[in-house]
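# An overview of the molecular structure
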Amino acid sequence: MSGSLQKKVRWRDALVAKVMAERTTHIVSNYWLATQLFELVQQRAYEGRELQLPKRPIDGRMLAEARDALINRRVLTQDRSLPNTLFRAPTSKDADPSELMCSIDPFGCIAYLSAMAYYGLTNRLPKVLYFWSPEPRIWSSMADERMKKDLRDNFYEYVRVGLPQLRHSRVEKLDGIIIEQVRTNDFGGWRNARDGALRVTGIGRTFLHMLQRPDLCGGIRHVIGVFEQFATPHLPAIVTELNAHGGKVDKVRAGYILEEFCHIADPRVDAWKEYASRGGSRKLDAQAEYSSNFSEKWALSINV
């Protein structure tokens, strides 16, 4: 073996070192592994050392060998409860399922009762993790943008050789927790937490969700109780969110609850009565049956 060849580092060893150094999430996808391998092959070197690469071009077989090397060296593990396109880091067994889901879906966030629990708005321990994510068309568009950002000038070459693209993964259970994925075309209003490991709906959006989907937030009576206890200190965020993203019926529901249950007298809330629709069939709880108990001011069936 020549001296120059001896100085080369085997591509599998380089990939193991690269994954260990650059992995920032508890769960990684086939796509992420493929981009790491693709980058190594394109650069033909790692940490200033030339790579010992196979003569054949990068392809699916080389990626399969890469996955085997990472698993055999216990850099990554497979979980039978997850799609075979996802791989866990050994440390992921100690991670919060919320953080794991944020690793799996780079565009989603925890929401509804799960977000309420994060903010300390509920004393219920959710048996289901509610995860909010863009609907498929929007998600695919965001994935295309992310791949172009990740791969830059190499995007089209990466696609040409047929390596895995960023795709949505359906997960129904994670470490014993049932995952309820809610897809939406009105995605937004979330924030980063725990140094970026977690994404969660903002406090204002969380209150808006309580009005829109009380069935995913512990039920309408629980929602009213949360408003009674916590709406006053969070009123600025609630008003800002409702004015920016709430629909007319959201404002009417919020106005009634804030006035009747929270005893809040605020001109910003009172202004929402202009959205009351006379002669309509709006209900406080959208999922429950209509009730003859009616608020004249808010033109709302009080069906609780």
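Residues numbered from 1 in each chain as written. Predicted model: local features only at pLDDT ≥ 70, side-chain atom pairs only at ≥ 80, totals over all residues. Heavy atoms only, no water.

### Let's talk about the overall build of the protein
Rule in force here: Numbered from the N terminus, helices here are DSSP runs of H or I no shorter than four residues, and strands are runs of E no shorter than two. We compute the radius of gyration over the C-alpha atoms and compare it with the globule rule, which gives 2.2 Å times the number of residues raised to the power 0.38. Partly exposed residues are those whose accessible area sits between 20% and 50% of the maximum for their type, while under 20% is buried and over 50% is exposed, using a 1.4 Å probe and protein chains only. Throughout, a residue-residue contact means that at least one pair of heavy atoms, one from each residue, lies within 4.5 Å. Surface exposure here means Shrake-Rupley accessible area, sampled with a 1.4 Å probe, where a residue is shielded only by the protein chains that are shown. In this tally, Asp and Glu contribute negative charge and Lys and Arg positive charge; neither His nor the terminal groups of the chain are included. One atom stands in for each charge, and that atom is NZ of Lys, CZ of Arg, CG of Asp or CD of Glu.
Scanning the protein for helices and strands turns up 13 helices and 13 strands. Over its C-alpha trace the protein gives a radius of gyration of 25 Å, far above what one expects of a compact globule, namely 19 Å for 304 residues. Across its three principal directions, the C-alpha atoms of the protein cover 90 × 35 × 30 Å. The buried share among the 304 residues of the protein stands at 46%. Taking all contacts inside the protein whose residues are at least 6 apart in sequence as the whole, residues at least 24 apart take part in 66%. Surface summary for the protein: the accessible area is close to 15,700 Å², and the carbon and sulfur share equals 46%. Mean positive and mean negative side-chain charge positions of the protein (44 and 36 charges, respectively) differ by 6 Å.

### Considerations on the packing of helix α2 (residues 11–22) against helix α3 (residues 30–43)
When two helices pack together, their arrangement is given by the angle between their axes and by how far apart the axes lie. Stated formally: The axes used here are C-alpha line fits, helices contributing only the stretch in contact, and every angle between their N-to-C directions lies in the interval 0 to 180 degrees. Any angle between 65 and 115 degrees counts as roughly perpendicular, while under 35 counts as roughly parallel, over 145 as roughly antiparallel, and the rest as oblique. Less than a right angle of anticlockwise turn of the near helix away from the far helix marks a crossing as left-handed, whereas a clockwise turn marks it as right-handed. Classification used: nonpolar for Ala, Val, Leu, Ile, Met, Phe, Trp, Tyr, Cys and Pro, charged for Asp, Glu, Lys and Arg, polar for all others including Gly.
Where α2 meets α3, the closest approach of the two axes is 10 Å, and the angle between their N-to-C directions is 125 degrees. Classified by the angle their axes make, α2 and α3 are oblique. Judged by the twist between their axes, the crossing of α2 over α3 is right-handed. On α3, the residues touching Trp11, Ala14, Leu15, Lys18, Val19 and Glu22 of α2 are Trp32, Leu33, Gln36, Leu37, Glu39 and Leu40. Of the residues belonging to the contact of α2 with α3, the class tally is 8 nonpolar, 1 polar and 3 charged.

### Focus: helix α9 (residues 203–212)
For α9, a buried count of 9 out of 10 residues is recorded, marking the element as mostly surrounded by other parts of the structure. For α9, the set of buried residues is Ile203, Gly204, Arg205, Thr206, Phe207, Leu208, His209, Met210 and Leu211. Considering only its buried residues, α9 is in contact with α6 (112–118), β7 (128–134), β11 (198–201), α10 (220–230), α11 (235–245) and α12 (248–261).

### Quick notes on the pairing of β11
Our working rule: Paired strands, as defined in this entry, are two strands with at least two bridges between them according to DSSP.
Both faces of β11 are covered, namely the face carrying Leu198 and Val200 and the face carrying Arg199 and Thr201. With 4 bridges joining them, strand β10 (residues 190–193) and β11 adopt antiparallel strand pairing. Looking at β11, one finds that tryptophan 190 is bridged to threonine 201. Connecting the antiparallel pair β10 and β11 is a turn made up of 4 residues, with arginine 194 showing a positive phi of about 50 degrees.

### Description of α10
For α10, the set of buried residues is Ile220, His222, Val223, Ile224, Val226, Phe227 and Phe230. Buried residues along α10 sit against α6, α9 and α12.

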